[in-house]
Amino acid sequence: MTLMLDVLQGRRAGVPPVWFMRQAGRFLPEYRALRERHPFLTMCHDPGLIAETTLMPVRRLDVDAAIFFSDILIFLPALGFGLEFKEGEGPVIGKPARWTDFPALDPEKQLKGVLEGMRQTRAALPQGKTLIGFAGGPWTILSYLAEGGSSRNFETAKALLFGEPETFVKVLDRLGESVLRFLQAQQASGAQVVQIFDTWAGTLPFAHYERYYLPVLHRIVEAAARATPVIYFGLNLTPYYPLIRELPITALGLDTPASFARAREVFGSAFPLQGNLDPTVLLASDTAVEEEVRRIKAEAGPNPHIFNLGHGVLPPTPVGRAATAIRAVRRAG
Ligand code: CP3
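Remember, predicted model here, so these are calculated numbers, not experimental data.

Engineer: Can you walk me through the pattern of salt bridges in this structure?
Structural biologist: Between side chains of opposite charge, a pair can form when the charged atoms approach closely. Applying the stated criterion to the full structure yields 16 salt bridges. In this structure, the salt-bridge partner of Arg35 is Glu87, at a minimum N-O distance of 3.5 Å. In this pair, Arg35 sits in helix 2 (residues 29-37) while Glu87 sits in the loop between strand 2 (82-86) and strand 3 (90-94), placing the two residues 52 residues apart along the sequence. The salt bridge involving Asp62 is made with Arg330; its shortest N-O contact spans 3.3 Å. Taken together, the residues span a long stretch of sequence, with Asp62 in the loop between helix 4 (47-61) and strand 1 (65-67) and Arg330 in helix 14 (residues 319-330) at a distance of 268 residues. For Asp62, a relative accessible area of 38% gives the class partly exposed. For Arg330, a relative accessible area of 29% puts it in the partly exposed group.

Structure representation (structure tokens):
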């Protein structure tokens, strides 16, 4: 048992386990040094580099969990899409003309290096630390896929949702099948927990989330939760709590604006919650960090809590500031 798995079983820890979303990335100087020598996508498919990068924040900051170094878009090339990460621009996805028709992922065949990286990471992970696997929520993946990259308003994805709901559901279902297979392959390769990053789920109308999206998520979560605990995370999800409560998730990741009190009202006080330090506090000062960590621990109260940020750690974050946050989390009181 690890501290994080304990909390995910609903046990209350005196000191919450702590890890940071996007902890295996650019805020670490050792990551930036490695990235100077290898393109991002090369790193994502090299087992040795995956293990090395995943373990960087564990070694440097002694966080309680390691999140697998990969990306939510990593399997798109296996489905027939182009994928590049351009400096300062983010992902660029190439779509064939009839892009709504694509096969489902075969992870053991198509993501061999990725899964081998997971196995090597697990073998090298110190006792007591937890290995987290992940995938994107189908709507979040679709929101990049349809637009060919990052976007503000998700015009193409939403044109599909509002204009051709049957095709929309078909595409979401197909992506959902690949998401599930990817999660299950990670679980079989050593992931002890999985997190679904559904960053943009909070951009769907409530009615459409309920009618079209919830059933797709339900199938994924139900199957994945048979193997390991499942954490669900997205931005601006508070209005959807009554729907999300119907999912057999183990824990909910809160973003920065979310309230522990509101989440507990809907999910109950025994339900594990994760979050939600504002990532920009880590750019401010040690004193601000200590104050905010104290406030969040008080809000979380004596209930099952995994300390995290409300979104990913920002690349300009000083490593020492992250260490200050972790020390403050572990301080009694
Ligand atoms: O959390 C971790 O440290 C594990 C690895 C991880 C990455 N991406 C590595 C990465 C995880 C869990 C993700 C999730 C992810 N990827 C999300 C959901 C979470 C969120 O932040 O909202 C999304 C939307 C993506 C898609 C993605 N990947 C974008 C939009 C970009 C470009 C913008 C950016 O943040 O750089 C990426 C690139 C990416 N993914 C990097 C890393 C370390 C930077 C690549 C580099 O080194 O240049």
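So, next bit.
Engineer: Looking at this model, I keep getting lost on the site of the ligand. Mind explaining?
Structural biologist: Taken together, 24 residues sit near the ligand, with Ala24, Tyr31, Arg35, Asp71 and His311 positioned nearest. Interatomic distance of 3.2 Å between a backbone N/O atom of Gln23 and an oxygen atom of the ligand. For the ligand, whose unbound accessible area comes to 880 Å², protein coverage reaches 88%. Residue assignment for the shell around the ligand shows that the elements contributing at least two residues are helix 2 and strand 3.

Here is what the cut-offs are and how they apply
Residues numbered from 1 in each chain as written. Predicted model: local features only at pLDDT ≥ 70, side-chain atom pairs only at ≥ 80, totals over all residues. Heavy atoms only, no water. Salt bridge = Lys/Arg side-chain N within 4 Å of Asp/Glu carboxyl O. Helix = DSSP H or I, 4+ residues; strand = E, 2+ residues; numbered from the N terminus. Buried < 20%, exposed > 50% of the residue type's maximum accessible area, 1.4 Å probe, protein only. Near = heavy atom within 4 Å. Polar contact = N/O pair within 3.5 Å; in protein donor to acceptor, adjacent residues only side chain to side chain. Areas by Shrake-Rupley, 256 points an atom, 1.4 Å probe, with all protein chains shown as cover.

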